[in-house]
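Tertiary structure, described
For reference, the chains in residue letters:
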Amino acid sequence: MLTKSLFCAAISTLLLGAIAAPRVNAGPAVSEGKNVGTDGTTIGTDGDTWFLRTPVADTTKAFDGGTLRVYDVHIAKMVEITHFKCNNTRSRADRTWFYSANDKNMGQFRISCKLANDLAIAYGMRKAEPTAIFMAEAEAPSTTPIPMLDITGGKVKTWMNFTQNFKPIR
């Protein structure tokens, strides 16, 4: 179980028209004095290791009534943050993501800077959305605008195919 040292973040919408990319408002998963976001999804980091937790039990259900599943949206958010961090920090290390849904371990995913960049090129990037990320023992999140993948139109099915074949390392 994650402890108070788990670092969490709030993330915003990826929804545009017909696509079901996420608006995931988040706060810390384990709240000791911090407020949990409206949907309960949380993101945090302790460097090159990242965490994405959601209270959603069924990640195969459609996100916000769209075509993409909750799972597809979460993988997109992991790629977006990885891409941004790879391009805006000195660290070119792979990012390891621990993903859990309704306290169930969904797996550990490794996203390299190269993979994140390749996906950003393949799908394109849309305008940035404010993304608040709790780091270390910070009491308040650091909010940064992070560009979103452009998963629209014919790219939706391609993205879903990618996420179905993108397997956790553990």
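Here's what I pulled together on the structure shown here. Quantities reported herein were computed from a predicted structural model and do not represent experimental measurements.

Digging into the nonpolar core
Ranked by size, the top nonpolar core spans 30 residues in total, and within it I75, V79, W97, I151 and W159 carry the most contacts. Elements supplying a minimum of two residues to this core: β3 (49–54), α1 (70–88), β4 (95–101), β5 (104–111), α2 (113–123), β7 (142–149) and α3 (155–165). With nine residues, α1 is the single largest residue contributor to this core. Every residue in contact with I75, bar those within four places of it in the chain, is listed here: F109, W159, F162, T163 and F166.

Here we look at α2
Every buried residue of α2 is listed here: C113, A116, L119, A120 and Y123. Angular distribution of buried residues about the axis of α2 spans 130 degrees; they occupy a single face of the element. Structural note: α2 exposes K114, I121 and A122 on the side pointing more than 90 degrees away from its buried face. Two residues or fewer after α2 comes G124, characterised by a positive phi angle close to 80 degrees.

Topic: the environment of T49
By secondary structure assignment, the location of T49 is in strand β3. As a C-alpha pair, T49 and D94 span 45 residues in sequence and 8.8 Å in three-dimensional space. Each residue touching T49, except ones within four places of it in the same chain, is listed here: G44, T96 and F98.

Things to note about the pairing of β4
By the criterion of burial, β4 is predominantly enclosed, with six of the seven residues buried. The sheet contact formed by β3 and β4 spans six bridges and is parallel. Residue L52 lies in a different strand from β4, and its bridge partner there is Y99. Note on the crossover from β3 through α1 to β4: the handedness is right-handed. As paired elements, β4 and β5 share seven bridges and run antiparallel to each other. The residue of β5 that forms the bridge with T96 is R110. A loop of two residues connects β4 with β5, the two strands running antiparallel in sequence, and N102 in this loop sits at a positive phi of about 55 degrees.

Remarks on the environment of A116
When you line up the elements, A116 lands in helix α2. Each C-alpha atom of the pair A116 and H83 lies 5.0 Å from the other, and the pair is 33 residues apart in sequence. Here A116 is in contact with V79, T82, H83 and I111, once residues within four sequence places are set aside.

Observations regarding the environment of M148
You can see M148 is positioned in strand β7. The buried category is assigned to M148, whose relative accessible area is 6%. When the C-alpha positions of M148 and I81 are compared, they lie 8.8 Å apart, and in sequence the two are 67 residues distant.

Quick notes on the pattern of salt bridges
Applying the stated criterion across every chain yields a total of six salt bridges. D103 is the salt-bridge partner of R53, the closest N and O atoms lying 2.9 Å from each other. Here the residue R53 occupies a position in strand β3, and D103 occupies one in the loop between β4 and β5, the gap between them amounting to 50 residues. Exposure remark for R53: the relative accessible area of 15% places this residue in the buried category. Two residues, E80 and K77, come together in a salt bridge whose shortest N-O distance is 3.1 Å. Taken together, the residues span about one helical turn, with E80 and K77 both in helix α1 at a distance of three residues. Here the salt bridges do not stand alone but share partners, grouping K77, E80 and E129 into one network.

Reading the values: the criteria
Residues numbered from 1 in each chain as written. Predicted model: local features only at pLDDT ≥ 70, side-chain atom pairs only at ≥ 80, totals over all residues. Heavy atoms only, no water. Core = buried A, V, L, I, M, F, W, Y, C linked by side-chain atoms within 4.5 Å. Buried < 20%, exposed > 50% of the residue type's maximum accessible area, 1.4 Å probe, protein only. Helix = DSSP H or I, 4+ residues; strand = E, 2+ residues; numbered from the N terminus. Contact = heavy atoms within 4.5 Å. Arc of directions from axis to C-beta. Pairing = 2+ DSSP bridges. Right-handed = clockwise from strand over helix to strand, strands pointing away. Salt bridge = Lys/Arg side-chain N within 4 Å of Asp/Glu carboxyl O.

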